[in-house]
Amino acid sequence: MKIMIAPDSFKGSVSSTQAAQAIDRGIREVDPAIETLLLPMADGGEGTVDAILWNRGGKKISCFAEDPIGRKIEASYGWIAEEKMAIIETAAASGLPLLRKDELDPYKASSFGTGQLIVDALERGAETIVLGLGGSATVDAGVGLFQALGLKFFDAQQQELFRIGGKLSRVASLDASALHPRLSSLKLIVASDVTNPLLGKDGATAVFGPQKGVSVNQLAEVERGMEQFSRLVAEATGEDHIQKPGSGAAGGIGFMLYSFLHAEVRNGLEMIAEISQLEKRLLECDLVLTGEGKIDGQSLYGKVPVGIGRAALKNNIPVIAFAGAVGDGIECLEEEGVTAVMVISDRPMAVEEAMMRGEELLFEAAKRLMKLLTIGIKFGGEAKNE
């Protein structure tokens, strides 16, 4: 038997690489003879760097950047020297996991740190940047990111603005003359599973604002500022990307990347599946193990376990998904190729404890699964011999 191990990250707990290795250890604990193929996956969010480096080689580069509220932190990105390619996750310097719940502040949180990582990659000689847009803590429409790249923003009195966060209504004009010179020749690939437009009921503020600290009372004000700002950008660039799918990704960063850098947009999961030759390598395997932190009906919309299930279904390969938690709608996943979902906790426990013990729980869950499979194989063989 050959088993493919292709999980997403368990957000805030373990990376996709750590998850794959923990599952692999659990399998080998029960049956060292089992052949495994590890393909850590991602959808453009957390784990994108690890997944691409695992499949393409390269290394991580560390540098100092600002977190969403301006603290100096050490963040990293992927670097493939032969291709002069950098892989950057928005979450690395501008992500929700960097803040405590009481630190969430839509009017203060900035994407400036992500811009600093891009600048570091440009100075290193990057000709291609893959930018994953998942998990940001910001609704600043990428203002902070572009300030790090040299774009200047001014208020109505022509005073330059700094760290405005989601107070986009303050921006009255902008000046793109000092944008980093290497941007003109950069190939920018945006990896994202988000197709939301910038504005409206399906937009960046309405859908993603609340998880970033936008209160019910602030939603209308943040949306108005986003709309006013986007009209200003559209007028300045002569291009209107407000309703373009994905413009609402990462609190509106997608909109600015389209407007100023003409980014190429790729579905994050599809891109990593292509890099890892997922469909070709599935043909080598008898079973696929995947997983992510939470699996529910929303997983149908571009999440890794369902993407894996759909690919495996074409060749009738069973898929079992590990989950930190499950929600409503998982019964719909079977027809998408996810044969079964297995919760990794072995007893009731607080979310915080489960997240701290992510690798251990995956290891133990893989052991339990392998013991069940061993029993199934044994009884299946006996039934055939009767």
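In the block above lies the structure referred to throughout.
The structure displayed is predicted, hence computed values, not measured ones.

**Student:** Looking at this model, I keep getting lost on the pairing of strand S11 (residues 287–295). Mind explaining?
**Tutor:** Strand residues, when the strand is regular, have side chains that alternate between the two faces of the sheet. Burial analysis of S11 places seven of its nine residues in the buried class, which makes it a mostly covered element. By the bridge criterion, three bridges tie strand S1 (residues 2–5) to S11 in an arrangement that is parallel. Residue Ile5 lies in a different strand from S11, and its bridge partner there is Leu289. Pairing analysis gives seven bridges linking S11 to strand S12 (residues 319–326), with the strands arranged parallel. Along S12, the bridge assignment pairs Ile295 with Val326.

**Student:** What's the story with the sheet that holds strand S6 (residues 128–132) in this structure? I'm lost.
**Tutor:** The pairing of strands in a sheet happens through backbone hydrogen bonds and is either parallel or antiparallel. The six strands are arranged S3-S4-S5-S6-S9-S10 in an open sheet whose pairing can be described as mixed. Two strands in the sheet have a free side with no partner beyond their single neighbour: strand S3 (59–66) and strand S10 (264–267). Direction aside, neighbouring strands of the sheet carry axes that sit 30° apart on average. Pairing of strand S4 (residues 72–80) with strand S5 (residues 85–89), which is carried by three bridges, proceeds in the antiparallel orientation. When the sheet's bridge partners are listed, Gly78 is paired in S5 with Ile87. With respect to the sheet, helix H2 (residues 48–56) is in contact with S3, S4, S5 and S6, its orientation differing from that of S5 by roughly 150°. Each of S6, strand S9 (187–192) and S10 touches helix H8 (residues 249–261); the most contacted strand, S9, lies at about 155° to it.

**Student:** Whenever I open this one, the packing of helix H7 (residues 219–237) against H8 confuses me. Can you help?
**Tutor:** Angle between the axes and distance between the axes are the two parameters that describe a pair of packed helices. Between H7 and H8, whose axes approach to 10 Å, the crossing angle comes to 10°. Classified by the angle between their axes, H7 and H8 sit roughly parallel to one another. Mapping the contact onto sequence places Met226, Phe229, Ser230, Val233 and Thr237 in H7 and Gly251, Phe255, Met256, Ser259 and Phe260 in H8. Residues belonging to the contact of H7 with H8 are distributed by class as follows: six nonpolar, four polar and no charged.

**Student:** Looking at this structure, I do not really get the sheet that holds S12. What am I missing?
**Tutor:** Pairing is parallel in the open sheet, where five strands are placed in the order S2-S1-S11-S12-S13. The sheet is open, and its two borders are formed by strand S2 (35–38) and strand S13 (340–343), each paired with just one other strand. Across the sheet, the axes of successive neighbouring strands diverge by a mean angle of 25°, strand direction being ignored. Sheet strands touched by helix H1 (residues 16–30): S1, S2, S11 and S12. Its angle to S2, the strand with the most contacts, is close to 175°.

**Student:** It is not clear to me how the nonpolar core should be interpreted in this structure. Could you clarify?
**Tutor:** A general feature of soluble globular proteins is that nonpolar side chains tend to end up buried together. Counting residues in each nonpolar core, the largest one holds 56 residues, and the members touching the most others are Ile129, Phe146, Leu188, Phe229, Met256, Leu257 and Phe260. Element by element, the count of residues in this core is highest for H8, at nine residues. Excluding anything up to four places from it in sequence, Phe146 contacts Leu151, Leu179, Met256, Leu257, Phe260 and Leu261. Judged by nonpolar contacts, the second largest core, of 31 residues, contains Met85, Ile87, Leu269 and Ala273.

**Student:** Honestly, helix H4 (residues 112–124) in this entry has me stumped. Any pointers?
**Tutor:** Turn by turn, an α-helix covers 3.6 residues, leaving residues three or four places apart pointing in a common direction. For H4, spanning 13 residues, the distance from its first C-alpha to its last is 19 Å, which sits close to the expected 18 Å at 1.5 Å a residue. Packed against the buried residues of H4 are S3, S4, S5, helix H3 (90–94), S6 and helix H5 (143–148). Looking one or two residues past H4, Gly125 carries a phi angle of roughly 105°, positive in sign.

**Student:** Can you help me understand unusual backbone geometry in this one?
**Tutor:** In terms of backbone geometry, most residues other than glycine have negative phi values and most peptide bonds are trans. Phi at Arg163 takes a positive value of approximately 45°, unusual for a residue other than glycine. As for its placement among the helices and strands, Arg163 is situated in the loop between strand S7 (152–154) and strand S8 (173–175). A positive phi angle, close to 55°, is found at Ala250, a residue other than glycine. If you trace the backbone, Ala250 turns up in helix H8. On the basis of relative accessibility, which here comes to 6%, the residue Ala250 falls in the buried class.

**Student:** Just checking my understanding: could you explain the environment of Glu239 for this structure?
**Tutor:** Topologically, Glu239 is positioned in the loop between H7 and H8. Measuring from C-alpha to C-alpha, the distance between Glu239 and Ile317 comes to 46 Å, with 78 residues separating the pair along the chain. The contact partners of Glu239, leaving out residues within four places of it in the chain, are Ala234, Tyr258, Ser259 and His262.

**Student:** Sorry if this is basic, but what is going on with H1 here?
**Tutor:** If you check H1, its first and last C-alpha atoms are 22 Å apart, about what 15 residues at 1.5 Å a residue would give, namely 21 Å. Of the positions making up H1, those classed as buried are Ser16, Thr17, Ala19, Ala20, Ala22, Ile23, Asp24, Gly26 and Ile27.

**Student:** When you look at the packing of aromatic side chains in this model, what are you seeing that I'm missing?
**Tutor:** Two measures describe an aromatic ring pair: the distance that separates the ring centres and the angle between the ring planes. Summed over the entire model, instances satisfying the criterion amount to two aromatic pairs. Residues Phe153 and Phe229 carry aromatic rings whose centres are separated by 6.0 Å and whose planes lie at 45° to one another, so their mutual orientation is tilted. Separated by 76 residues along the polypeptide, Phe153 in strand S7 and Phe229 in helix H7 bring together distant segments of the chain. Comparing Phe153 with Phe229, the two get one shared label, buried. Above the plane of the ring of Phe64 lies Lys72, whose end atom (NZ or CZ) is 4.7 Å from the centre. Positioned above the aromatic ring of Tyr258, the side-chain terminus of Lys244 is 4.3 Å from the ring centre.

Definitions and limits used
Residues numbered from 1 in each chain as written. Predicted model: local features only at pLDDT ≥ 70, side-chain atom pairs only at ≥ 80, totals over all residues. Heavy atoms only, no water. Buried < 20%, exposed > 50% of the residue type's maximum accessible area, 1.4 Å probe, protein only. Helix = DSSP H or I, 4+ residues; strand = E, 2+ residues; numbered from the N terminus. Pairing = 2+ DSSP bridges. Axes fitted to C-alpha atoms, helices over the stretch in contact; angles between N-to-C directions. Contact = heavy atoms within 4.5 Å. Parallel < 35°, antiparallel > 145°, perpendicular 65-115°, else oblique. Nonpolar A, V, L, I, M, F, W, Y, C, P; charged D, E, K, R; others polar. Core = buried A, V, L, I, M, F, W, Y, C linked by side-chain atoms within 4.5 Å. Expected span 1.5 Å × (residues − 1). Phe/Tyr/Trp six-rings, centres within 6.5 Å; stacked < 30°, edge-to-face > 60°. Lys NZ or Arg CZ within 6 Å of the ring centre and 35° of its normal.

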